[in-house]
Amino acid sequence: QLRDHLNEDLSVACIGNDQALKLDGCSDERSIPLDDLVSVMGNSKLIVGPSSGPMCLASLCGLKHLVWSTNFNYNRFTRDWNPFNTDVIFYDEGDWNPNPSKIAELIKGLEL
């Protein structure tokens with residue numbers, strides 16, 4: 001649903017293991033070696049997703065990230081797990097199941 005709310009001119013990739021969801025209209029970067037994933041992140045403007053390992057890695061790569069989770073993780077993403085003060089948008093409405101149109105609205109409001 002999120003992809004349906006985004007501009008089609010955005011280049012979107014799916015990451016994770018081979019069991020992770022692959023969205024239509026997105027490049028498939030699932031199950032790639034870690035050094036390749038770091039390269040993909042280094043050439044990206046934003047990563048979007050739930051609290052997960054790739055979101056923590058994004059912080060270390062200096063990649064702006066929009067992450068959703070429960071409020072419990074707010075300080076982790078904005079301070080504790082963010083040693084380089086990477087830009088992070090933390091969203092906690094809906095906990096682990098945010099409204100896709102709200103996430104799309106946040107993305108559209110960013111300067112990418």
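Residues numbered from 1 in each chain as written. Predicted model: local features only at pLDDT ≥ 70, side-chain atom pairs only at ≥ 80, totals over all residues. Heavy atoms only, no water.

(A) Molecular detail of the nonpolar core. Ranked by size, the top nonpolar core spans nine residues in total: L37, M41, I47, M55, A58, L63, V67, F77 and F90. The set of elements that each furnish at least two residues to this core consists of α2 (34–42) and α3 (53–61). Not counting residues up to four positions away in its chain, the partners in contact with L37 are I15, I32 and L57. Within the second largest apolar cluster, eight residues are counted, among which are L66, Y91, I103 and A104. (Core = buried A, V, L, I, M, F, W, Y, C linked by side-chain atoms within 4.5 Å. Buried < 20%, exposed > 50% of the residue type's maximum accessible area, 1.4 Å probe, protein only. Helix = DSSP H or I, 4+ residues; strand = E, 2+ residues; numbered from the N terminus. Contact = heavy atoms within 4.5 Å.)

(B) Structural view of α3. Among the residues of α3, M55, A58 and S59 are the ones counted as buried. Looking down the long axis of α3, one finds its buried residues gathered within 100 degrees of arc, a one-sided arrangement. Among the exposed residues of α3, those oriented more than 90 degrees off its buried face are G53 and L60. Where α3 is buried, its residues contact α2, β3 (47–50), β4 (65–68) and α4 (74–80). Among the residues trailing α3, G62 stands out with phi positive, at a value near 75 degrees. (Arc of directions from axis to C-beta.)

(C) Structural view of unusual backbone geometry. Phi is positive for S31, close to 60 degrees, though the residue is something other than glycine. Summarising the element assignment, S31 is placed in the loop between β2 (27–28) and α2. In this structure, D95 is a non-glycine residue whose phi angle is positive, near 50 degrees. Looking at the element boundaries, D95 is found in the loop between β5 (88–91) and α5 (100–108).

(D) Representation of the packing of aromatic side chains within the structure. The tally for this structure, following the rule as stated, stands at three aromatic pairs. Measuring from centroid to centroid gives 5.4 Å for F77 and W81, while their planes differ by 75 degrees, and the two rings are edge-to-face. Residue class for F77 comes out buried when judged on its relative accessible area of 2%. Owing to a relative accessible area of 35%, W81 belongs among the partly exposed residues under this scheme. Ring geometry for F77 against F90: centres 6.3 Å apart, planes inclined by 35 degrees, an arrangement best described as tilted. Of this pair, F77 sits in helix α4 while F90 sits in strand β5, placing them 13 residues apart in sequence. Through a chain of ring-to-ring contacts, three or more aromatic side chains come together here, namely Y74, F77, W81 and F90. (Phe/Tyr/Trp six-rings, centres within 6.5 Å; stacked < 30°, edge-to-face > 60°.)

(E) The arrangement of the pairing of β4 in detail. By the alternation rule, side chains of β4 split into H65 and V67 and L66 and W68, which are all buried. Relative to β4, β3 runs parallel, the two being bridged by four bridges. Paired with G49 across the two strands is V67, which belongs to β4. Between the parallel pair β3 and β4, the chain is carried across by α3, and the sense of this crossover is right-handed. Looking at chain direction, β4 and β5 are connected through four bridges and run parallel. The residue bridging H65 from the neighbouring strand is V88, located in β5. Running through α4, the crossover from β4 to the neighbouring parallel element β5 is right-handed. (Pairing = 2+ DSSP bridges. Right-handed = clockwise from strand over helix to strand, strands pointing away.)

Function-wise, these values are silent; they only describe arrangement.
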